[in-house]
Amino acid sequence: MTESAVRRVVLVGFMGAGKTSVGRALAAQLGWRFFDLDHEIVSRSGRSIRDWFSDPGESAFRREEASVAQELLSEDEIVLATGGGWATERGRLSRLDASTLSVWLEVDAEESLRRVGRDVTERPLMSRDMGVQTARGLLESRRTAYALASLRVDTNGKSVEDVTSHIIEILELSVVKTEPQ
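Please read these numbers as outputs of a predicted model, since none were measured by experiment.

Analysis parameters
Residues numbered from 1 in each chain as written. Predicted model: local features only at pLDDT ≥ 70, side-chain atom pairs only at ≥ 80, totals over all residues. Heavy atoms only, no water. Helix = DSSP H or I, 4+ residues; strand = E, 2+ residues; numbered from the N terminus. Expected span 1.5 Å × (residues − 1). Buried < 20%, exposed > 50% of the residue type's maximum accessible area, 1.4 Å probe, protein only. Contact = heavy atoms within 4.5 Å. Pairing = 2+ DSSP bridges. Axes fitted to C-alpha atoms, helices over the stretch in contact; angles between N-to-C directions. 1 Å grid on protein atoms, 1.4 Å probe; cavity = no way out; pocket = protein on both sides within 12 Å on 5 of 7 lines; lining within 4 Å. Points joined across faces, edges and corners; volume = space filled by probe spheres on them. Nonpolar A, V, L, I, M, F, W, Y, C, P; charged D, E, K, R; others polar. Polar contact = N/O pair within 3.5 Å; in protein donor to acceptor, adjacent residues only side chain to side chain. pLDDT = per-residue confidence, 0-100. Core = buried A, V, L, I, M, F, W, Y, C linked by side-chain atoms within 4.5 Å.

**Overview of helix α4 (residues 58-72)**
Part 1: Over its 15 residues, α4 extends 21 Å from the first C-alpha to the last, a length consistent with the 21 Å expected when each residue adds 1.5 Å.
Part 2: Taken together, the buried positions of α4 are Ala60, Phe61, Arg62, Glu65, Val68, Ala69 and Leu72.
Part 3: Buried residues along α4 sit against β3 (33-36), α2 (37-45), α3 (49-54), β4 (78-81) and α6 (132-146).

**Some details on the sheet that holds β3**
Part 1: Strand order in this open sheet of 5 strands is β3-β4-β2-β5-β6, and the pairing throughout is parallel. A single partner strand is all that each edge strand has here, and the edge strands are β3 and β6 (151-154). Pairs of neighbouring strands in the sheet enclose a mean axial angle of 20°, with direction left out of account.
Part 2: Taken together, the 4 bridges between strand β5 (residues 100-106) and β6 define a ladder with parallel strand orientation. Directly across from Trp104, in β6, lies its bridge partner Arg152.

**Some details on the layout of surface pockets**
A probe as big as a water molecule, rolled over the atoms, marks out the empty space that is left.
Part 1: Approximately 280 Å³ is the volume found for the second largest pocket.
Part 2: Taken together, 14 residues make up the lining of the second largest pocket; nearest its centre are Ala69, Gln70, Leu73, Arg95 and Leu96.
Part 3: Of the residues forming the lining of the second largest pocket, the biggest block, 4 residues, is contributed by α4.
Part 4: Residues that form the lining of the second largest pocket fall into these classes: 5 nonpolar, 5 polar and 4 charged.

**Observations concerning the side chain of Ser99**
Part 1: In this fold, Ser99 is placed in the loop between β4 and β5.
Part 2: Looking at Ser99, the relative accessible area reads 9%, which means it is buried.
Part 3: Within the structure, Ser99 has its side chain in polar contact with the side chain of Arg8 (distance 2.8 Å).
Part 4: Apart from residues no more than four positions distant in its own chain, Ser99 is found in contact with Ala5, Val6, Arg7 and Arg8.

**Re the confidence of the model for the protein**
Part 1: Scored by pLDDT, the protein comes out at a mean of 87, with 87% of its residues at no less than 70.
Part 2: Of the regions scoring below 50 in pLDDT, residues 120-125 engages in 20 contacts with residues more than four places distant in sequence or in other chains.
Part 3: Counted against residues more than four places away or in other chains, residues 176-181, with its pLDDT under 50, gives 10 contacts.

**Description of the nonpolar core**
Part 1: Counting residues in hydrophobic clusters, the biggest one holds 48 residues, and the most contacted among them are Val9, Val12, Trp86, Val103, Leu105 and Ile167.
Part 2: Take this core: its biggest share by element is 5 residues, from α4.
Part 3: Contact partners of Trp86, with chain neighbours within four places excluded, come to Val10, Val12, Leu37, Arg62, Glu65, Ala69, Leu73, Arg92, Leu93 and Leu96.

Dropping the structure here:
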């Protein structure tokens, strides 16, 4: 029996949606490799995300992010957790090929802030005094981009295990099995 299916998964969504946690769990269950895009950029460059945003700036960071993501997405059997802004760059999700499943891990602003707490170390667009209204505004500005993902999974009030299991079920349904001729 041959299988034609998804060969990579890209997780998108707002901060605190669970991209890294779900990505690790999903990769482990699939027996695939896991990459966190922000971590890869930091590891390769030796610069924190906050430093990237500070100097040389967000546009330079977005160029590096595009380059590293393109390289990683040329691999098979990977799960890639992107940063919250990755999907907002024009054409990112629409250029993914059919063997890449993009998944929007949806979270509301209140849940996002609860999950990330006041950890602003690697979140350059979040400040210590970011309130729910500010988070809602940023989330709302990204909603249309996230909605271009192939699959939307609500993570509000759900465990990493529940979200991961849901994605696994979808992946199992997406496998097209054909008998050899």
